[in-house]
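Analysis of the macromolecular model
Next come the chains, spelled out residue by residue.
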Amino acid sequence: MAKICHRRRIAVFSTVLTAAWLVGIADSFTSAPPLVREFRFSGRLQATKAADDDTEEERNEKMEKALKAMTNFSNKYISTTQTKYCQDKSIAAVVIKGLAEHKVSLGTPLCPCRFYEDKEAEAKDGYWNCPCTPMRERHECHCMLFLTDDNQFAGPETNISIEEVKDLSGGFTK
Ligand code: SF4
């Protein structure tokens, strides 16, 4: 009974996280910056413009690269911090995919589990760039990507492959 309850909670969280991620993706469409908008963050502005101008093939190439980079980062960081992935690895996969999306569109892996009024400003601020300040200071990952041993959802896994990320997150195309 307790096990069923536990699984149900993970499933609910997984649904909420996926919904949050989808909202983030939708937001990235609706809040695409007009070219005349003022940016002091020229490097990331260039990344955003470049991502907007990309063909589908170019975007897929960038996503493939970013997905590999964020998967490698996650596996390395989980080892450094001695944390674990969630029992349901689709949680990690969806978060890694969201980080990769932001790396392509913003030039930095802004946390994908939050809503932002202005993503470019948040990326510039850096507080929520992964690993975010709460994670670096207190090992708090509200996305449940990096779980401490005392977290009831922590599983045994400390590694996720690029194939798992793609399969469990539904691929990498928007
Ligand atoms: Fe988001 Fe912070 Fe977790 Fe990275 S460490 S996934 S930025 S909550």
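Below or above, wherever it landed, is the structure these notes cover. Bear in mind the structure is a predicted one, so any value in this text is a computation, not a measurement.

**A few points about the side chain of Lys89**
Relative to the elements of secondary structure, Lys89 occurs in helix H4 (residues 89-106). Excluding its chain neighbours within four sequence positions, the residues that come into contact with Lys89 are Glu157, Asn159, Ile160, Glu164 and Leu168.

**Let's talk about the site of the ligand**
Near the ligand the following residues occur: Val95, Cys111, Trp128, Cys130, Cys132, Met135, Cys141, His142, Cys143 and Phe146. A molecule is said to occupy a pocket when more than half its atoms come within 2 Å of that pocket's grid points, and by this definition the ligand occupies the largest cavity. Across the shell around the ligand, the residue classes tally to nine nonpolar, one polar and no charged.

**A short note on unusual backbone geometry**
Cis peptide bonds are those with omega within 30 degrees of zero, and the linkage from Cys130 to Pro131 qualifies with 0°. Here Pro131 is to be found in the loop between helix H5 (119-125) and helix H6 (133-138). Unusually for a residue other than glycine, Gln82 sits at a positive phi of about 55°. Despite not being glycine, His139 shows a phi value in the positive range, around 55°. Structurally, His139 is set in the loop between H6 and helix H7 (162-169). Relative accessible area serves as the criterion here: at 33%, His139 is assigned to the partly exposed category.

**Some points on the nonpolar core**
Leu145, Phe146 and Ile160 are the most contacted members of the largest nonpolar core, which totals 31 residues. Those elements giving two or more residues to this core turn out to be helix H3 (56-80), H4 and H7. No other element matches H4, which puts eight residues into this core. Non-local contacts of Leu145, meaning those with residues more than four positions away in its chain, are made with Ser74, Ile78, Lys84, Tyr85, Ala92, Val95, Ile96 and Leu99. In terms of nonpolar packing, the next biggest core, distinct from the first, is built from six residues, Ile91, Leu147, Phe153 and Ala154 among them.

**Here we look at the pattern of salt bridges**
Any two side chains of opposite charge can pair if their charged atoms end up close together. For the structure on display, the rule yields eight salt bridges. The shortest N-O distance in the salt bridge between Lys166 and Glu64 comes to 2.8 Å. Of this pair, Lys166 sits in helix H7 while Glu64 sits in helix H3, placing them 102 residues apart in sequence. One salt bridge connects Lys89 with Glu157, and the closest N-O pair in it is separated by 3.5 Å. Taken together, the positions of Lys89 in helix H4 and Glu157 in the loop between H6 and H7 put the pair 68 residues apart, joining distant regions of the chain. Judged by relative accessible area, which is 12%, Lys89 ranks as buried. Under the relative-accessibility criterion, Glu157 is labelled partly exposed at 35%. Taken together, the shared-partner salt bridges connect Lys89, Glu157 and Glu164 into one network.

The rules behind each value
Residues numbered from 1 in each chain as written. Predicted model: local features only at pLDDT ≥ 70, side-chain atom pairs only at ≥ 80, totals over all residues. Heavy atoms only, no water. Helix = DSSP H or I, 4+ residues; strand = E, 2+ residues; numbered from the N terminus. Contact = heavy atoms within 4.5 Å. Near = heavy atom within 4 Å. 1 Å grid on protein atoms, 1.4 Å probe; cavity = no way out; pocket = protein on both sides within 12 Å on 5 of 7 lines; lining within 4 Å. Sits in = over half its atoms within 2 Å of the grid points. Nonpolar A, V, L, I, M, F, W, Y, C, P; charged D, E, K, R; others polar. Buried < 20%, exposed > 50% of the residue type's maximum accessible area, 1.4 Å probe, protein only. Core = buried A, V, L, I, M, F, W, Y, C linked by side-chain atoms within 4.5 Å. Salt bridge = Lys/Arg side-chain N within 4 Å of Asp/Glu carboxyl O.

As far as function goes, none of this settles anything; it's purely spatial.
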